[in-house]
Amino acid sequence: MAVMMTKEQMPAGGVSSVMHVRCPDRLREEAYRRVLEELAGLSPVVQALPPIAALVELKGALRYHGTDARRLGDILRVRTLSRLGVDVRVGIGPSITVAATASAQIEPPGGVLVAPDQAARWLAPLPVDALHGIGPRQANALHDYGIHTVGLLAAVDPATVQRLLGGRAGRLAADRARGIDPRPVIPRTLPAAATVRCAFDRHVLDGAAVRAALLDLVVQLGLLLRRRGQAARALTLTLKFAGSGGWEKTRRLTEPSAHDEDLRDLAYRLMDAAGLQRGRLTALALKGEDLIDADQVALQISLDDAREARLVAEEAADRIRDKFGAGVIGPAAVFRRAC
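Described below are features of the structure shown in this document. Counting starts from 1 at the beginning of each chain's written sequence and moves along it residue by residue. Residues qualify for local features only when their pLDDT is at least 70, as the model is predicted, and side-chain atom pairs are given and counted only at 80 or more; totals for whole chains, interfaces and linings, by contrast, use all residues. The side-chain quantities take in all heavy atoms of the structure and omit both hydrogens and water.

This part covers the pairing of strand 2 (residues 46-49). Working note: regular strand, side chains alternate between the two faces of the sheet. We call a residue buried when its accessible area falls under 20% of the maximum for its residue type, exposed when it is over 50%, and partly exposed in between, using a 1.4 Å probe and counting protein chains only. Helix and strand definitions follow DSSP, with helices as H or I runs of at least four residues and strands as E runs of at least two, each counted in order from the N terminus. Neither face of strand 2 is exposed, since Val46 and Ala48 on one face and Gln47 and Leu49 on the opposite face are all buried. Any two strands between which DSSP finds at least two bridges are classified as paired. Connecting strand 2 to the antiparallel partner strand 3 (residues 53-57) that follows it, the hairpin turn spans three residues.

By the secondary structure assignment, Leu224 is in helix 10 (residues 207-228). The spatial distance from the C-alpha of Leu224 to the C-alpha of Val196 is 9.0 Å, given a sequence separation of 28 residues.

Note on soluble globular proteins: their nonpolar side chains tend to be buried together. Nonpolar cores are built from buried Ala, Val, Leu, Ile, Met, Phe, Trp, Tyr and Cys residues. Side-chain atoms within 4.5 Å join them into one set. Membership of the largest hydrophobic core comes to 32 residues, with the highest contact counts inside it found for Leu221, Leu225, Leu235, Leu284 and Leu286. Of all the secondary-structure elements, those providing two or more residues to this core are strand 6 (194-204), helix 10, strand 7 (230-241), helix 11 (260-274) and strand 9 (281-289). Contacts were defined at the residue level, with two residues in contact if any of their heavy atoms lie within 4.5 Å. The residues touching Leu221, leaving out its near neighbours within four places in the chain, are Ala194, Val196, Leu235, Leu263, Leu286, Lys287 and Gly288. Of all hydrophobic cores here, the second largest spans 27 residues; its members include Ala130, Ile147, Leu153 and Leu165.

Further remarks concern helix 11. By this rule the span expected of a helix is its residue count minus one, scaled by 1.5 Å. A rise of 1.5 Å per residue sets the reference length of helix 11, with its 15 residues, at 21 Å; its end C-alpha atoms lie 21 Å apart and thus fit the reference within 8%. The complete set of buried residues in helix 11 reads Asp260, Glu261, Asp262, Leu263, Leu266, Ala267, Tyr268, Leu270, Met271 and Ala274. Looking at the buried positions of helix 11, the neighbouring elements they touch are helix 10, strand 7, strand 8 (246-257), strand 9 and helix 12 (305-324). Within two residues after helix 11, Gly275 carries a phi angle of roughly 60 degrees, on the positive side.

Patch definition: residues with relative accessible area over 30% and no salt bridge; like charges joined within 9 Å; nonpolar side chains (Val, Leu, Ile, Met, Phe, Trp, Tyr) joined within 5 Å. Note that accessible areas follow from Shrake-Rupley with a 1.4 Å probe, and for residues the cover is restricted to the protein chains shown. Counted as salt bridges are all cases of a side-chain nitrogen of Lys or Arg within 4 Å of a carboxyl oxygen of Asp or Glu. A surface patch of nonpolar side chains, amounting to about 340 Å² of accessible area, comprises Ile320, Phe324, Val328 and Ile329. Given the relative accessible area of 45%, Val328 is considered partly exposed.

What follows is the structure, given as structure tokens:
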């Protein structure tokens, strides 16, 4: 049950200063941008989490407005509803994890404010899959071990959680179940799409050359997204033909990703959907769309050892590129590419 703590109930020892705002599903991008503008009117530190969420750092805003966090949450909900017709859910807590978990526990209109010294106790009775950052596969793995609530997860030895979920994912889950999350709110506007392009020197009919060029774009896009700390929810492939003709199609990824393997598989399916036969290509463009922060992508358990090995190789290749340049390593086909 959602409980809104009043100002008088707040402990004197701390202030919940992170606000997580969750908009209705399928909100249009223009409406989402206007919600971000309303947030910017409350605080200068707003982190967009497209397509429907955002984080707000309230410390400076509380001093500036001379009020408490509960009141700022009420002001935001009144403004978005009266000005935009958008009913938002507001979670306020001492950390990103607590605030984001809180905003998911209620239906609009409403808000949940969790005091700093109450975070672990508030989280404890929640289902483990309600903890922000826990994906379905992770929840299933915890359920199989008999861990059904956040409190039970917090009580389990962190080393055991790491064995169940993997090293990094296990450490994060164990800490966040205890209310530990030192991440700051980082100002970030709604991210633009990431696009990479290739223009051929001459009209191309060779399917192998086209596929090699597309693979080159996949590698470029994946590297760009990983360096920016973003992941794509969808890809758009654009083909330009001789005579000013063109073709474009967008498809969504199964899960947000910035990994070459995931981007490549979808890019190849897009190319296959184009049904090229004798079309004379002059250029390609690959766009990553509906971008989100990489931190927002749930770390899922994988039993595919080959995939895990490829991800490790990808990290190593990124380090080599950072040190020696982007063109020193890549798929063999890329070094025979047409552009």
